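Listed below are the residues making up each chain.
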Amino acid sequence: GADMRQPERGRFSFRGVILITVAFVLVTLLVMYSILHGLGDEEDTQATGEVAVTSSDDGGSAGAEHGGYDGLKFGSLPPGGKYTEKGSGKFRTAGEPGKTFGKGKKKFTYVVEVETTLKSSAYGGDDAFAAMVDATLANPKSWVGDPQYSFQHVDEKKLPKGKKPDMRIQLTSPETTAATCGDSYGIETSCNFPGEGRVVLNEARWVRGAIPFEGDLGAYRQYMINHEVGHGIGHKAHVPCSKDGALAPIMMQQTISLNNAEIYKINPDKAFKDNPNTCKANPWVFPFGYKNSK
């Protein structure tokens, strides 16, 4: 009788082990699912919160949560991150000099500088700003695409005695920008100050962008660099939109508007008068390449 019951007990024990093992696995899976599901919910909540948070420094973030600029007048500074209103008027050097872009005989040397009172860590730090300048000027869709031009990021301390860089590409507070560029437009803009070779990039715009670029901050920063450097290398005149629906020329004042008539209201340049054309935002000198621009 004992021999007959032994196999039965063996079968019972084996089945019990299987059931216990399956139950343990199911409980483990349920616990893991709960943990992962909880983390996922937390991450979603944090992401939503980051999207919804907007700065109210300009007195109105309406529409920013949904990516729209309803109610903002053309030329207005969009809502967004914080920037430093007041500046020291003094600058610190940024980036890594030594890089040369292009082989053209019209060579322009430049340094990159950040006003000392700016807190650039909010957008990657000084070196991130300088890297953006370098990368933009090195792109064949920028001025270097024209074979007559070349650019070199230099170390001013290593230049021959008495020699200055052709351009100082500076990230500058709105206060210092207005003091340097003037404030006749009544809006936040950037400028080129040829007397001192300064390419003045307004930090308010670097942080907030411009309405015509519809929130594409990277493209707007490329436009800022290309447009103001364009002035710096001798392209003094602003250019209107020549064909309705076309990409805007780089020397169009795209910060203000993509419509000639609207630009004329702020800058009464005869080139924009009685010209109703509206272009599309464009950050590049040669958006389709230099050869295709001819």
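Our subject in this report is the structure included herewith. Counting from 1, residues in each chain are numbered in the order their sequence is written. The predicted origin of the model limits local features to residues at a pLDDT of at least 70 and limits the giving and counting of side-chain atom pairs to 80 or more, whereas totals for whole chains, interfaces and linings rest on all residues. Note that water and hydrogens are dropped before the side-chain values are worked out from all heavy atoms of the structure.

Tracing the chain through its elements places Ser257 in the loop between helix H5 (217-232) and helix H6 (260-266). Nitrogen and oxygen atoms within 3.5 Å of one another constitute a polar contact, given that in protein one can donate a hydrogen and the other can accept it, and given that sequence-neighbouring residues count only through two side-chain atoms. Within the structure, Ser257 has its side chain in polar contact with the backbone nitrogen of Asn259 (distance 2.9 Å). A polar contact is formed between the side chain of Ser257 and the side chain of Glu262, at a distance of 2.6 Å. Note on contacts: a residue pair is in contact if any heavy atoms of the two residues lie within 4.5 Å. Here Ser257 is in contact with Pro212, Met252, Glu262 and Ile263, once residues within four sequence places are set aside. Under the scheme used here, helices are H or I runs from DSSP no shorter than 4 residues and strands are E runs no shorter than 2 residues, and both carry numbers assigned from the N terminus.

Turning our eyes to something else, we now look at the state of the cysteines. A pair of sulfur atoms, both from cysteines and within 2.5 Å, is called a disulfide here. Overall, the coordinates contain two disulfides when judged by the stated rule. Two residues share a disulfide in this structure: Cys181 and Cys191, whose sulfurs sit 1.8 Å from each other. One disulfide, between Cys181 and Cys191, carries an S-S torsion of -70° and so falls in the left-handed class. One end of the pair, Cys181, is in helix H3 (residues 174-181); the other, Cys191, is in strand S6 (residues 191-193), with 10 residues separating them in the sequence. Cys181 gets classed as partly exposed once you look at its relative accessible area, which sits at 27%. Exposure categories follow from relative accessible area, calculated using a 1.4 Å probe and restricted to protein chains: below 20% of the type maximum is buried, above 50% is exposed, and the middle band is partly exposed. Cys191 sits in the buried class, given a relative accessible area of 11%. Each sulfur in the disulfide pair Cys241 and Cys279 lies 2.1 Å from the other.

The next thing to look at is the environment of Lys119. Within the secondary structure, Lys119 sits in the loop between strand S3 (106-115) and helix H2 (126-138). With 36 residues separating them in the primary sequence, Lys119 and Tyr83 have C-alpha atoms 7.9 Å apart. With residues near it in sequence (within four places) discarded, Lys119 still touches Thr84 and Glu203.

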